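What follows is the residue order along each chain.
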Amino acid sequence: MKLCYINRKFPPSVGGAQELASSTVNSLKKTGIKLYLIVNKKGNRYLPLFFIEALFKILLSKSDIYHTGDGFTAILNPIIKIFKRKPIVTTVLGLDITHKNRLYQKIIIPCVNMSDKIISISEETKNECKKRGISQNKIIVINPGLDIKKYPNSKVSKDSNMMITVGRQVERKGINLFIRGRLNQLMRDNPKLIFHIIGDGSESEKIKDAVSQSKYKDRIFLHGRLSDNEAYNYYIKAKFFVMPNIYVEGDIEGFGLVILEAIFFEDIILANPIEGIKDALKYTSNWIDLKKEKIILDDIKYKKELKNLSWDNRIKGYLDIYKKLK
């Protein structure tokens, strides 16, 4: 079987979608499947040229199955359907389905619906597909995993007063409101608690402003974007990881891969269990609902557990789909 995997987002550009694509490809390679990649490694600015290149590469390719890596990349599905007449699998992430632009919806949703099978990364994303009329009998939910070998196995003692958050700083992540709200109770009740914020994005200035106005600003640290290894050092040392997402129309959290990373590093997670975050939290019992009236950090103990986080376990579902379509 020869698989053509196509994605508009791929490392070295950075982000959750790129991480998902890279881990998918790495796990597929381990299966021995013949893999032909058409991926954009140059970021969003290169997208117009990427789609032109992808068009010609698809026409010249000879593959048994074509897999488009997200809803936007599925704009290529009609070309595959018409000229290659081979089965198509599309992965859907969340925002690639819910993006509010009307023209986007009119173009992309029918393209996704051309797929023979659709892999949704969460139940929430599947529900969003349903709202838009995408055929439910095509959709299979397969949660993402971690490329385990890339993560360090360190046994450094946890700092019981250290809390972190990692991710792109956009409105739905809720960091701005968390600093202005719930963090005050946690800081007041835990006088030694320190909070490290890792990442950047469109909300960065609002987050800086929230920190500057906080009476606990001396215990809140902004690090901006860090390398993977630098971020892992914070995961390793921290006892707590926070993901205080909020609802933002048209911008859902498809899954929350950073939660799996926090689970891997044995952090206790404080989260707002909404959207795709609910799927990620299924893999641990070490989490606290941020809507809880009062959270006493000293009372929270980590419970040892078996963690089934590897992409190698998830990729079997992909192979089953390919085999049935071939």
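Residues numbered from 1 in each chain as written. Predicted model: local features only at pLDDT ≥ 70, side-chain atom pairs only at ≥ 80, totals over all residues. Heavy atoms only, no water.

Here we come to the pattern of salt bridges. This structure, assessed with the given rule, holds 19 salt bridges. A salt bridge links glutamate 128 to arginine 132; the nearest nitrogen and oxygen atoms lie 2.7 Å apart. With relative accessibility at 8%, the residue glutamate 128 sits in the buried group. Two residues, arginine 225 and aspartate 200, come together in a salt bridge whose shortest N-O distance is 3.4 Å. Here arginine 225, found in the loop between β9 (220-224) and α10 (228-237), pairs with aspartate 200, found in the loop between β8 (194-198) and α9 (204-213); they are 25 residues apart in sequence, far enough to count as distant. In this structure, a network of salt bridges that share partners links the residues Arg172, Lys173, Asp251 and Glu253. (Salt bridge = Lys/Arg side-chain N within 4 Å of Asp/Glu carboxyl O. Buried < 20%, exposed > 50% of the residue type's maximum accessible area, 1.4 Å probe, protein only. Helix = DSSP H or I, 4+ residues; strand = E, 2+ residues; numbered from the N terminus.)

Here the focus is unusual backbone geometry. Glycine aside, residues mostly have negative phi angles, and peptide bonds mostly take the trans form. Put simply, proline 11 and proline 12 share a cis peptide bond, and its omega is 20°. Positive phi, normally seen in glycine, also occurs at glutamate 266, with a value near 60°. If you trace the backbone, glutamate 266 turns up in the loop between α11 (257-264) and β11 (268-271). Of note, the phi angle at glutamate 275 is positive, near 50°, even though the residue is not glycine. As for its position among the elements, glutamate 275 is in the loop between β11 and α12 (277-281). Among the residues examined, glutamate 275 registers a relative accessible area of 4% and is labelled buried.

Core analysis: the largest hydrophobic core is formed by 44 residues, its most contacted members being Ile164, Tyr235, Phe241, Ile259, Ile269 and Tyr322. Those elements that provide at least two residues to this core are α1 (16-30), β7 (159-166), α10, β10 (238-243), α11, β11, α12 and α13 (311-325). Among the elements that make up this core, the one with the highest residue count is α11 (seven residues). Discounting residues that sit within four places of it in the chain, tyrosine 235 has contacts with Lys158, Ile164, Val166, Phe241, Val258, Glu261, Ala262, Phe265 and Asp267. (Core = buried A, V, L, I, M, F, W, Y, C linked by side-chain atoms within 4.5 Å. Contact = heavy atoms within 4.5 Å.)

Before going further, it helps to examine the side chain of aspartate 267. Structurally, aspartate 267 can be placed in the loop between α11 and β11. In this structure aspartate 267 comes out as buried when scored by relative accessible area, which is 1%. A distance of 2.5 Å separates the side chain of aspartate 267 from the side chain of lysine 158, its partner in a polar contact. Apart from the residues lying within four places of it in its own chain, the contact partners of aspartate 267 are Lys158, Ile164, Tyr235, Ala238, Lys239, Phe241, Ala262, Asn286 and Tyr302. (Polar contact = N/O pair within 3.5 Å; in protein donor to acceptor, adjacent residues only side chain to side chain.)

To continue, consider the sheet that holds strand β5 (residues 117-120). What the six strands build is an open sheet, ordered β2-β1-β3-β4-β5-β6; its pairing is parallel. Looking at which strands have only one partner, the edges of the open sheet turn out to be β2 (34-39) and β6 (139-141). Neighbour to neighbour, the strand axes of the sheet diverge by 20° on average, direction disregarded. Note: strand β1 (residues 2-7) against β2, six bridges, orientation parallel. Within β2, the position partnered with tyrosine 5 by the bridge is leucine 37. Strands in contact with helix α2 (residues 47-60) are β1, β2 and β3 (65-68); relative to β2, the strand with the most contacts, it is inclined by about 150°. (Pairing = 2+ DSSP bridges. Axes fitted to C-alpha atoms, helices over the stretch in contact; angles between N-to-C directions.)

For the coordinates displayed, the defined rule picks out two cavities of 30 Å³ or more. Estimated volume of the largest cavity: approximately 80 Å³. Lining the largest cavity are 13 residues, and of these Thr165, Val166, Gly167, Lys173 and Ile175 sit closest to its centre. Contributing elements (two or more residues each) for the lining of the largest cavity: β7, β8 and β10. For the lining of the largest cavity, the residue count by class is seven nonpolar, four polar and two charged. There is about 40 Å³ of room inside the second largest cavity. Tyr5, Asn7, Leu20, Thr24, His67, Gly69, Thr91 and Tyr318 together form the lining of the second largest cavity. Among the secondary structure elements, those contributing two or more residues to the lining of the second largest cavity are β1 and α1. Considering only residue class, the lining of the second largest cavity consists of three nonpolar, five polar and no charged. (1 Å grid on protein atoms, 1.4 Å probe; cavity = no way out; pocket = protein on both sides within 12 Å on 5 of 7 lines; lining within 4 Å. Points joined across faces, edges and corners; volume = space filled by probe spheres on them. Nonpolar A, V, L, I, M, F, W, Y, C, P; charged D, E, K, R; others polar.)

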